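# Residue-level structural notes
Chain by chain, the residues run as shown.
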Amino acid sequence: MNKIIVTVFAFAAACGSTAALADAAAGQAKAKQVCAACHGENGDKPLQPEYAILAGQHRDYLVKALGDYKSGARKNAIMGAQAQNLTQKEILDLAEWFSVQKGPLSIKH
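Bear in mind that the values here come from a model prediction, so they are computed numbers and not experimental data.

What counts and what doesn't
- Residues numbered from 1 in each chain as written.
- Predicted model: local features only at pLDDT ≥ 70, side-chain atom pairs only at ≥ 80, totals over all residues.
- Heavy atoms only, no water.
- Disulfide = S-S within 2.5 Å.
- Core = buried A, V, L, I, M, F, W, Y, C linked by side-chain atoms within 4.5 Å.
- Buried < 20%, exposed > 50% of the residue type's maximum accessible area, 1.4 Å probe, protein only.
- Helix = DSSP H or I, 4+ residues; strand = E, 2+ residues; numbered from the N terminus.
- Contact = heavy atoms within 4.5 Å.
- Arc of directions from axis to C-beta.

## Thoughts on the state of the cysteines
Each disulfide is one covalent bond, formed between the sulfur atoms of two cysteines. Under the definition given, this model contains 0 disulfides. Sulfur of Cys38: no disulfide; nearest cysteine sulfur belongs to Cys35 and is 8.8 Å away.

## So, the nonpolar core
Ala31, Leu66, Leu94 and Phe98 are the most contacted members of the largest nonpolar core, which totals 17 residues. Mapped by element, the contributors of at least two residues to this core are helix 4 (59-71), helix 5 (77-84) and helix 6 (88-99). A total of 6 residues in this core trace back to one element, the largest contributor, which is helix 6. Setting aside its immediate chain neighbours within four residues, Leu66 contacts Met79, Ala83, Leu86, Ile91 and Leu94.

## Section: helix 5
Burial in helix 5 covers these residues: Met79, Gly80 and Ala83. Buried residues of helix 5, viewed axially, fall in a sector of 105°; they line one side. When the buried face of helix 5 is taken as reference, the exposed residues oriented beyond 90 degrees from it are Ala77 and Ile78.

Written as structure tokens, this is what we have:
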């Protein structure tokens, strides 16, 4: 039982520390450089209907998706090439930026 509690605590600490390392302002700057042309400056106005809306998407989903594009686990020629050039810190920053944007994926209160 103690091992389970320690494992859960370690996982929660790791998740929290990853989010704490993310910088939305740095993500915004990077998004202007590499994402805005296809997804819109805030990720809410994709150039084409088949391009993803990023604004309001969950941070952990964005980190996973970009990591999978980077590793090749998720296939898309354009996104694979874009993600290949991103560092892990840039992925975290981008995910933070897009996750706090308002868009159709945001929860409305």
